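Now for the letters of each chain:
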Amino acid sequence: MKLKIFAAALMLTAAVASAACAADIDYQEFQEDPLETAIRKLASPEGGAWDREVMLSGGAPDIVQEVIWPLREGYLGRGIKRKGRRHDGVDMSAPRGTPIYAVLDGIVEVVSNNGPGFRGYGRVIVINHGGRLWSLYSHNSANYVKVGQRVKQGDKIAAVGRTGRATGNHLHFELRNAKGTPLDPMKYLPKEGRLPRK
């Protein structure tokens, strides 16, 4: 009898503890790959899912040290610390049609034209770099790659444009870690080849 009472009490304690923790766990994340999680969080209206401290201070995999500039000409625009609405990358202005290059070797995971999770981005490309880092290129006038395509660092993948919510021709570029957290590209883009500020 005592054993049955003890077992019932133990099950009740486990149920209460599990209910208390359930609100803190994003179970959908367990069923998604990191890119799906990133897209879902990017599309979330409240923006509360992003850890701003991690975004500004790091949380980047070691391969981020090997990135190159996605443009070879143009000017730096607004960065990640922009005031007002969330801005999770850096803008680089350049004439329409300026080539955009892959910053690392990887596999193209998204090629979209304002699709779900990318409202306002216009033509966008997302590249998976070994499951540890993702790069995003948006507002493109043309995309030259397709989903599943392997690209090498420096391959021409798109052209600068002003598709989506854009007031002028520019590339909006983002880096995200495996949790989908945006990283400040200016911390990792090399000094060599740095674009001047307009």
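All figures in this text were calculated on a predicted structure; none of them were measured in a lab.

Procedures and definitions
- Residues numbered from 1 in each chain as written.
- Predicted model: local features only at pLDDT ≥ 70, side-chain atom pairs only at ≥ 80, totals over all residues.
- Heavy atoms only, no water.
- Helix = DSSP H or I, 4+ residues; strand = E, 2+ residues; numbered from the N terminus.
- Pairing = 2+ DSSP bridges.
- Core = buried A, V, L, I, M, F, W, Y, C linked by side-chain atoms within 4.5 Å.
- Buried < 20%, exposed > 50% of the residue type's maximum accessible area, 1.4 Å probe, protein only.
- Contact = heavy atoms within 4.5 Å.
- Polar contact = N/O pair within 3.5 Å; in protein donor to acceptor, adjacent residues only side chain to side chain.

Peer 1: What is the right way to read the environment of Gly193 from this model?
Peer 2: Among the secondary structure elements, Gly193 is positioned in the segment after strand 11 (182-183). With 123 residues separating them in the primary sequence, Gly193 and Pro70 have C-alpha atoms 10.0 Å apart.

Peer 1: Please explain the sheet that holds strand 3 (residues 99-101) as it appears in this structure.
Peer 2: Each strand in a sheet pairs with another by means of backbone hydrogen bonds, the pair being arranged parallel or else antiparallel. Strands sit in the order 3-9-7 across an open sheet of 3 strands; the sheet is antiparallel. The sheet terminates laterally at strand 3 and strand 7 (142-143), the two strands that pair on one side only. By the bridge criterion, 3 bridges tie strand 3 to strand 9 (residues 156-159) in an arrangement that is antiparallel. Looking at the pairing, Tyr101 lines up with Lys156 of strand 9.

Peer 1: What am I meant to see in the nonpolar core here?
Peer 2: It is characteristic of soluble globular proteins that their nonpolar side chains tend to be buried jointly. Core analysis: the largest hydrophobic core is formed by 31 residues, its most contacted members being Met92, Tyr137, Ile157 and Phe173. Secondary-structure elements contributing two or more residues to this core are strand 2 (90-93), strand 5 (123-129), strand 6 (133-140), strand 9 and strand 10 (170-177). The element best represented in this core is strand 10, accounting for 3 residues. Setting aside anything within four residues of it in sequence, one finds Ile157 in contact with Ile100, Tyr101, Ala102, Ile125, Ile127, Tyr137, Asn143, Tyr144, Val145 and Val151. Residues Val110, Tyr121, Val126 and Trp134 belong to the second largest nonpolar core, which totals 7 residues.

Peer 1: Quick question: what am I supposed to make of the side chain of Ser135 here?
Peer 2: Within the secondary structure, Ser135 is located in strand 6. Of the residues examined, Ser135 reaches a relative accessible area of 0% and is grouped as buried. Within the structure, the side chain of Ser135 is placed 2.7 Å from the side chain of Tyr137, a separation counted as a polar contact. When near neighbours in sequence (up to four residues on either side) are disregarded, Ser135 contacts Val103, Ile125, Val126, Ile127, His129, Phe173, Glu174 and Leu175.

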